[in-house]
Amino acid sequence: ITLRHVASAAGSESQAWEVCLISSSNRTKVGVWKMPGGGVEKGEDPSAAAEREVIEEAGLKGTVVQALGVYQNNEKKTRTQWFVMSVTEELETWEEGELGRLRKWFPIDDAYAVLPSDYHRMLLRQAVDAIVSKAREAAEGNSKDGAGRARRGSVDVDDHTGEQAAERVHSRKVE
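(A) Region of interest: the overall build of the protein. When its secondary structure is counted, the protein shows three helices and seven strands. Secondary structure elements in the protein, listed N-terminal to C-terminal, are β-β-β-α-β-β-β-α-α-β. Within the span of the protein, comprising 175 residues, buried residues form 42% of the whole. In the protein, the proportion of contacts linking residues at least 24 apart, taken out of those at least 6 apart, comes to 64%. Just so you have it, the protein exposes about 9,700 Å², and 46% of that area is on carbon and sulfur atoms.

What follows is the structure in structure tokens.
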């Protein structure tokens, strides 16, 4: 799941985030939006596979900075491994985009409405909870000086690393 911080929003903290979804490549599922993901190639590191899949399916370049967890779906016989990524670039053209796959940023609440299953909505909720918690911790950590004293002002999660891009979260299927 790839998330980006869009602004400070009134209401819930999740309203300040958007998620990148991709259109289904299955021609019988026109209008279905899903999270990028795919398999790990033989001998490939899962984090490298996540970076590759994000480029191939969503046209987003980035680097994995943290693993968030692994979730087993016994019914579908899959494991989904989650990663936090720092996305550095959105490509104008990409492999599956050339084949007609679409990429779209959705407000979180809108994404819940278009995801195809409760399972996918649960995965998105866990990713949002993780990234909001991480942003809150970063803001709290940046609101104190070296001696632990509170200081005025805060640093936005998109700016606290000194990078141009926000940290994003990506999930992928591991066979």
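(B) Representation of the pairing of strand E2 (residues 17-23) in the model. Extensive coverage of E2 is indicated by the burial of seven of its seven residues. Here E2 shows two buried faces, one formed by Trp-17, Val-19, Leu-21 and Ser-23 and the other by Glu-18, Cys-20 and Ile-22. Where E2 and strand E6 (residues 103-107) come together, five bridges link them in antiparallel fashion. Across the sheet, the residue bridging to Ile-22 is Arg-103, located in E6. Examined bridge by bridge, E2 and strand E3 (residues 33-34) share two bridges and lie antiparallel to one another.

(C) Inspection of the confidence of the model for the protein at higher detail. Across the protein, the average pLDDT comes to 75, with 74% of residues at or above 70. Per-element confidence in the protein ranges from a low mean pLDDT of 41 for strand E7 (residues 167-174) to a high of 93 for helix H1 (residues 46-58). Within the model, pLDDT remains below 50 along residues 147-175, and this stretch shows 100 contacts once partners closer than five positions in the same chain are excluded.

(D) Summary view of H1. With 13 residues, H1 ought to run about 18 Å at 1.5 Å a step, and its terminal C-alpha atoms sit 17 Å apart, in line with that. The set of residues buried in H1 consists of Ala-49, Ala-50, Arg-52, Glu-53, Val-54, Glu-56, Glu-57 and Ala-58. Just beyond H1, the residue with positive phi is Gly-59, at close to 65°.

(E) Geometry of the nonpolar core. Of all hydrophobic cores here, the largest spans 21 residues; its most connected members are Ile-1, Leu-3, Trp-17, Val-19, Leu-21, Ile-108 and Leu-124. Formed by eleven residues, the second largest nonpolar core is a distinct cluster that contains Cys-20, Ala-58, Phe-83 and Val-87.

(F) Main features of the environment of Pro-116. Of note, Pro-116 is situated in the loop between helix H2 (108-114) and helix H3 (118-142). Judged by its relative accessible area of 47%, Pro-116 is partly exposed. Spatially, the C-alpha atom of Pro-116 lies 7.2 Å from that of Lys-34, the residues being 82 residues apart in sequence. In this structure Pro-116 touches Val-32, Trp-33 and Arg-121, once residues within four positions along its chain are discounted.

(G) Representation of the pattern of salt bridges within the structure. In the structure shown here, the tally under the stated rule is nine salt bridges. With a shortest N-O distance of 2.3 Å, Glu-96 and Arg-101 are connected by a salt bridge. For Asp-129, the salt bridge goes to Arg-125, with nearest N and O atoms at 3.1 Å. With Asp-129 and Arg-125 both in helix H3 and four residues apart, the pair spans about one turn of that helix.

Definitions and cut-offs
- Every chain's residues receive numbers from 1 upward, in the order its sequence appears when written.
- Residues qualify for local features only when their pLDDT is at least 70, as the model is predicted, and side-chain atom pairs are given and counted only at 80 or more; totals for whole chains, interfaces and linings, by contrast, use all residues.
- Side-chain descriptors were evaluated using all non-hydrogen atoms of the structure, hydrogens and water having been removed beforehand.
- Numbering of helices and strands starts at the N terminus; helices are DSSP runs of H or I of at least 4 residues and strands are runs of E of at least 2.
- Note on exposure labels: buried denotes an accessible area under 20% of the residue type's maximum, exposed denotes more than 50%, and partly exposed covers the range between, all computed with a 1.4 Å probe on protein chains only.
- Residue contacts are counted whenever heavy atoms from the two residues lie within 4.5 Å of one another.
- Every accessible area reported is derived by Shrake-Rupley at a probe size of 1.4 Å, with residue values counting cover from the shown protein chains alone.
- Here a strand pair is declared whenever DSSP counts at least two bridges between the two strands.
- Residue-level confidence of the predictor, termed pLDDT, takes values from 0 up to 100.
- One less than the residue count of a helix, multiplied by 1.5 Å, gives the span that helix is expected to have.
- Only buried residues count toward a nonpolar core. Its members are Ala, Val, Leu, Ile, Met, Phe, Trp, Tyr and Cys residues joined through side-chain atoms within 4.5 Å.
- Within this document, salt bridges are pairs made up of a side-chain nitrogen of Lys or Arg and a carboxyl oxygen of Asp or Glu, the two lying within 4 Å of each other.

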